[in-house]
Amino acid sequence: METTFNAWDVSRYGGPDVLTSVSRPAPTPTAGQVLVRIRASAVSRADSMMRAGQPKFARLFLGLSRPRSGLIGTCFSGDVVAVGDAVRTLQVGDAVFGEAGLQFGANATHICVDETASVLTKPETVSYEEAATLFDGAMTSWHFLTRVAKVQAGETVLILGGSGSLGTAAVQFAKALGAKVSASASARNAELIKSLGADVVVDYASQDPLKDGCAYDVVFDTLGVSSFRATKSALTKKGRYVCPVLGLALLRDMLLTAVFGRKQAKFAAAGMSKPEVHRAELSEVLALMASNQFSPVMDRTYPLADLVEAHRYVETGRKRGNVVVV
Ligand SMILES: NC(=O)c1ccc[n+]([C@@H]2O[C@H](COP(=O)([O-])OP(=O)(O)OC[C@H]3O[C@@H](n4cnc5c(N)ncnc54)[C@H](OP(=O)(O)O)[C@@H]3O)[C@@H](O)[C@H]2O)c1
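What counts as what
Residues numbered from 1 in each chain as written. Predicted model: local features only at pLDDT ≥ 70, side-chain atom pairs only at ≥ 80, totals over all residues. Near = placed C-beta within 6 Å. Helix = DSSP H or I, 4+ residues; strand = E, 2+ residues; numbered from the N terminus. Nonpolar A, V, L, I, M, F, W, Y, C, P; charged D, E, K, R; others polar. Domains from an automatic or database assignment. Pairing = 2+ DSSP bridges. Axes fitted to C-alpha atoms, helices over the stretch in contact; angles between N-to-C directions. Parallel < 35°, antiparallel > 145°, perpendicular 65-115°, else oblique. Contact = placed C-beta atoms within 7 Å. Core = buried A, V, L, I, M, F, W, Y, C linked by C-beta atoms within 7 Å. Buried ≥ 20, exposed ≤ 12 C-beta atoms within 10 Å, placed from the backbone. Right-handed = clockwise from strand over helix to strand, strands pointing away.

The full set close to the ligand counts 32 residues, and S163, G164, S165, S186 and P244 are the nearest of them. Secondary-structure elements contributing two or more residues to the shell around the ligand are α1 (45-52), α3 (128-148), α4 (165-176) and β9 (180-185). Split into classes, the residues belonging to the shell around the ligand amount to 12 nonpolar, 14 polar and six charged. Domain assignment of the residues forming the shell around the ligand places at least three in each of domain 1 (4-122 + 296-325) and domain 2 (135-270).

Set out below in structure tokens:
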């Protein structure tokens, strides 16, 4: 058993350079915890926003003047290498994937998590790299399409930002749910989005999908590049505008549409759901993977030692699908 573990410290908010590699004594699982030897962990837009402490209201959860956890990284996959005395459902040797929650620290070689936390067994057919991404784009998009927008077969769905982590999952999920799917993407990503099942791909640089006379039952704005007000006239009578990026305008529109009118604006923080909700939603995602209706799009893989480079790349806003460190 290793006596030290490597992780990435974030002791103040800022750009990728605030990240510092650290070596610490290996953690020991408490009675209800498992120790995981991490094989892959995701580097997501949400991670870079947490590192930067943006938007500022997020610091209420993350730490007012500096990141409370001190470590970075949210989603991981790996192997259970030790278990606490009271652990019943997992054992040494199990391959798992999970989310670190507000303790963070997933961009590391090891992590201790509660057996009852957001941890699932990793199927053999899913790689460690793929599994490490599932709590980000896949779970978030599945949550938004099935629980927030409640997409029905035959509905028309527009995915704004089809080539990101959320977007590449959303296109596949909307298709699997039986929707007619349009997605916005740049010309360089058009073929990718078509290969994921989109019926229509709109080049966001030269066309406005909201002004071509189409009516959508659901607009999933994965990047927060539009707004309820801008999409309203392109929504059907009971249309839903759903967006994972919260700002004051979305907050206002959520409150207003909850009381007035039939068209709805909605936000959710998928990561904040209870572990049992995460496990239920991800079991559904794994079932879609098993039936070849969903496969996470993998962009770049960096060594864990190059986490700063990985953050710089993610922050360009140009990644296609998911980035991991191993
Ligand atoms: N609420 C929640 O529970 C929750 C959970 C997870 C993530 N999030 C948030 O969700 C957001 C999306 O994350 P993500 O990881 O999917 O993003 P991402 O992967 O970083 O998105 C990058 C992609 O967006 C495309 N893009 C850039 N500008 C665009 C535009 N104007 N129109 C269409 N496509 C555009 C880029 O393509 P080109 O390079 O070709 O432009 C690139 O492929 C983040 O803000 C994240 O914090 C929220």
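What follows concerns the sheet that holds strand β13 (residues 264-266). Strand pairing in a sheet relies on backbone hydrogen bonds, with the paired strands running either antiparallel or parallel. Strand order in the open sheet formed by six strands is β10-β9-β8-β11-β12-β13, and the pairing between neighbours is parallel. Since the sheet does not close on itself, it has two edges, and those belong to β10 (200-203) and β13, each with one partner. The mean angle between the axes of side-by-side strands here comes to 15 degrees, regardless of whether they run parallel or antiparallel.

Another point: the packing of α1 against helix α9 (residues 307-315). Axis separation between α1 and α9 bottoms out at 9 Å; the angle between their running directions is 105 degrees. Considering their axes alone, α1 and α9 lie roughly perpendicular with respect to each other. Residues R45, S48 and R51 of α1 form the contact with α9, whose own contacting residues are H311, V314 and E315. Within the contact of α1 with α9, the residues separate by chemical class into one nonpolar, two polar and three charged.

Once that is clear, we can look at the domain arrangement of the protein chain. Domain annotation of the protein chain identifies domain 1 (4-122 + 296-325) and domain 2 (135-270). Placing the centre of domain 1 and that of domain 2 at their C-alpha centroids yields a distance of 28 Å. With 12 residues of domain 1 in contact, the opposing surface of domain 2 contributes 11 residues. Taken together, the residues of the side of domain 1 that touches domain 2 break down into five nonpolar, four polar and three charged.

Once that is clear, we can look at the nonpolar core. L145, V157, I159, A174 and F220 are the most contacted members of the largest nonpolar core, which has 85 residues in total. When residues of this core are assigned to their parent elements, the largest contribution, nine residues, is made by α3. Three or more residues apiece are contributed to this core by two domains, here domain 1 (4-122 + 296-325) and domain 2 (135-270).

Two elements in contact, α3 and helix α8 (residues 275-290), have axes separated by 10 Å at closest approach and are oriented at 90 degrees. Comparing the axis directions of α3 and α8 gives the class roughly perpendicular. Contacts between α3 and α8 involve L134, A138, M139, W142 and H143 from the former and H278, E281, L282, E284 and V285 from the latter. Looking at the contact of α3 with α8, its residues break down into six nonpolar, two polar and two charged.

For the rest of this paragraph, the subject is the pairing of β10. Both β9 and β10 contribute to a ladder of four bridges, which runs parallel. Note on β10: the bridge partner recorded for A183 is V201. Read as a crossover between parallel neighbours, the route from β9 over helix α5 (residues 190-195) to β10 is right-handed.

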